[in-house]
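Listed below are the residues making up each chain.
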2 protein chains.
Amino acid sequence: MLTTETKRIAPPKRLMYGPGPAMVETRAYEAMAQPIVGIFDPYFLEIMKEIQAGLRQAFGTENEKTFMIPGGGSGAMEAAIANFVLPGSKVAIFAAGHFADRITLMAQRQRANVARLERPWGETFSETDAREFIKQERPDVVTFVQAETSTGAYQSGRNITAVAREHGALVIADCVTSLGAMPVELDAIGIDVAFSCSQKGLSCPAGLSPISISPTAWEFLLKRPELPYTWYLDLAIMAKYFEAPHVYHHTPSAPLYYAMHQGLAAIEEEGLRNRWERHRRAGEQLITGVQKLGFEPLVKNPADRIWHLTTLKPPVGLDEVQLRQALLTRYGIEIAGALGQLAGKVVRIGTMGPLASEDSVTFLLDALAACI
Amino acid sequence: MLTTETKRIAPPKRLMYGPGPAMVETRAYEAMAQPIVGIFDPYFLEIMKEIQAGLRQAFGTENEKTFMIPGGGSGAMEAAIANFVLPGSKVAIFAAGHFADRITLMAQRQRANVARLERPWGETFSETDAREFIKQERPDVVTFVQAETSTGAYQSGRNITAVAREHGALVIADCVTSLGAMPVELDAIGIDVAFSCSQKGLSCPAGLSPISISPTAWEFLLKRPELPYTWYLDLAIMAKYFEAPHVYHHTPSAPLYYAMHQGLAAIEEEGLRNRWERHRRAGEQLITGVQKLGFEPLVKNPADRIWHLTTLKPPVGLDEVQLRQALLTRYGIEIAGALGQLAGKVVRIGTMGPLASEDSVTFLLDALAACI
């Protein structure tokens, strides 16, 4: 028995200041209310093509193979790992957070030979780290997390890709939280395979996850000695839906495509660099403000911080669960607790998309001040 | 450059008479325009719980493990195969269509020992078929397609499950097209694992795919000697998000949940059996009407036909591509061609959800008459 009294959807209005799902663009909601069309409808194929163009801009790439996984960000992560990490191959993982651990689990499921360089959560990796680790492990594939959602740490990857390239390793980067809000720049940095999501920097609802694959990585994929264990996420088959003559593979979700089209149109209209700058400023304002309230940033080095996702140790004596509860009930504000070893120790605050503005940050700071 | 002139989503109005994505309920569109909330928000967890209750009704099951795969119907298919078909185990596949072939590919990817009983596309399997095949192969897992979207053939599975049970095999059923529009009845029929989709009998957009798992199958899963190759679709981990204390696994798509809630509410309000009956009548009306126009049903035996998805051989001399083009451009009507060996030989017409009505079928028949 469905018990919601009116049987209609009437959610409470929430201000989504968490790490994602983040606030959705109004125009994305409007788009989702538009009628669906078929998966080979000329209109749908046009929308698809424009999304792919918009994603290339946001990813900073000319990769032809840039498309959308039908599933969540971890589905795109699995697509990257399951296609490019072969059973028995060596994969080197830069690990300083929950999502690097998730990559590790996925690589182990592929029966790969996994090597990890670990750093405390919240830290990043230096070129010396990369050089020693990669020289020692001689991996087939190197993976790193560009924006570690669990810790708030960002690293472009430049330090890592140069060394990986010297050793002929493919580079996979987790760009789940960076895409759309801060520099990703696949081609400039030299990332071969990047995956992301829709519900963070793109200001869309969850469920459709971008992936981009370099020509080098694509060539590797086509030469795999064995097919991947996964059919659903086999990129060689999936890609055929996204290019003429558009072979059926799965049924894409039209409302999610419509929303992503609008999220990307908003980015294009603002300008990607303007958008990055807006997120950078909002992050700085937040850090300055919360420090006055006694919070301490987990990520010590300002240059290593994700602009739009801030991890904070609360002032001594402040219960983070109670704080989050108070924000939710008094202001409809959602911020998040932490994952794994940081659970109970830090809160995670996102200032993304519509909320990456001076007014929105000021409002949040006032609410925080009132709740502590 | 995103080139859509207004940069807004303005799709042509299509009447979705194909095999899916089918016409979406108006209230599902309204629901998707409602604001998202967080993935642990009490409101969201309530919606989730109600969807699970609604799915149990539609599936005809009391399976506690009934939840939603974040992805398409083939993602749910892969979840079923990757979790319950072990490497080296014997899987017996009843194969008479494209989706049985897809199951085969997925089972092969799992390095299973695959046996197929094949029948011409459009046919179903008798109890004698099942008895001989299962007796000979002694499989660990038996799979069949309850509603074969590629051929329009339905079989409840009763013939198969009884025999499978005698031999101690788990039964996996593809219910992608049956759920919500005709009898699925997992518990009465004895199906252990069933998967479906949102964009056919549930009248929702694509992207969120139901799965239901019997206690017997769940026990099997927990005793697997090795973890599945897939982390993203590992049901043992995924299930923990759907039950207290709701452990993070993926970020569910709130708009798709809202839509599915409304699709299921519409079914509950109409009554599942009334809905089946409405789809049955619409299918009969369609068959009677198209036969007068010279079309011939692919599925010979009326009892073997999917009520809401009809496959038709066009009259001699009629080009099915031109027919579909004419319907689309003159009436905004989408019907579909066929897959694989039936491509170019049959068309597929869906009369689902809002289109399973006398008026809608009459309108379609008039349009067909005008276009041939």
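Keep in mind it's a predicted model, so treat the numbers as computed, not measured.

Once that is clear, we can look at the interface of chain B and chain A. Contacts between chain B and chain A engage 66 residues on the former and 66 residues on the latter. Counting residues per element, the ones that place at least two in the side of chain B that touches chain A are helix H1 (26-32), helix H2 (42-59), helix H3 (73-84), helix H4 (98-109) and helix H10 (254-270) of chain B. Here the element with the most residues in the side of chain B that touches chain A is H10 of chain B; it accounts for nine residues. Counted by class, the side of chain B that touches chain A contains 36 nonpolar, 21 polar and nine charged residues.

On to the pairing of strand S14 (residues 347-350) of chain B, then. Residue and element names in this part refer to chain B. Burial of S14 is two-sided: the residues Val347 and Ile349 facing one way and the residues Arg348 and Gly350 facing the other way are all buried. Examined bridge by bridge, strand S12 (residues 309-313) and S14 share four bridges and lie antiparallel to one another. Counterpart to Leu309 in the pairing with S14 is Gly350.

On to the relation of the copies chain B and chain A, then. Relative to chain A, chain B is turned by 180 degrees and slid 0.0 Å along the rotation axis, the superposed coordinates differing by an RMSD of 0.0 Å. The transformation just described matches what one would write down for a two-fold rotation axis. Among all residues of chain B, the one whose C-alpha sits closest to the rotation axis is Gly71 of chain B, at a distance of 2.2 Å. An overlap of 100% is found between the interface residues of chain B and their copies at the interface of chain A, pointing to a shared contact surface.

Let's shift gears to unusual backbone geometry. Residue Gly20 of chain A is joined to Pro21 of chain A through a cis peptide bond whose omega torsion reads 10 degrees. Mapped onto the fold, Pro21 of chain A is located in the loop between strand S1 (15-16) and helix H1 (26-32). For the bond running from Ala244 of chain B to Pro245 of chain B, omega is 5 degrees, close enough to zero to count as cis. Tracing the chain through its elements places Pro245 of chain B in the loop between helix H9 (235-242) and H10. For His246 of chain B, which is not glycine, the phi dihedral falls at a positive 60 degrees. Among the secondary structure elements, His246 of chain B is positioned in the loop between H9 and H10.

Residues and elements named next belong to chain A. Of the strand pairs in this sheet, strand S3 (residues 90-95) and strand S4 (residues 113-118) are connected by six bridges, and their pairing is parallel. From the neighbouring strand, Phe94 faces S4, where its bridge partner is Leu117. Between the parallel elements S3 and S4, the chain passes through helix H4 (residues 98-109) in a crossover that is right-handed.

Analysis parameters
- Residues numbered from 1 in each chain as written.
- Chains lettered and ligands numbered in written order.
- Predicted model: local features only at pLDDT ≥ 70, side-chain atom pairs only at ≥ 80, totals over all residues.
- Contact = placed C-beta atoms within 7 Å.
- Helix = DSSP H or I, 4+ residues; strand = E, 2+ residues; numbered from the N terminus.
- Nonpolar A, V, L, I, M, F, W, Y, C, P; charged D, E, K, R; others polar.
- Buried ≥ 20, exposed ≤ 12 C-beta atoms within 10 Å, placed from the backbone.
- Pairing = 2+ DSSP bridges.
- Least-squares fit on C-alpha atoms with pLDDT ≥ 70 in both.
- Right-handed = clockwise from strand over helix to strand, strands pointing away.

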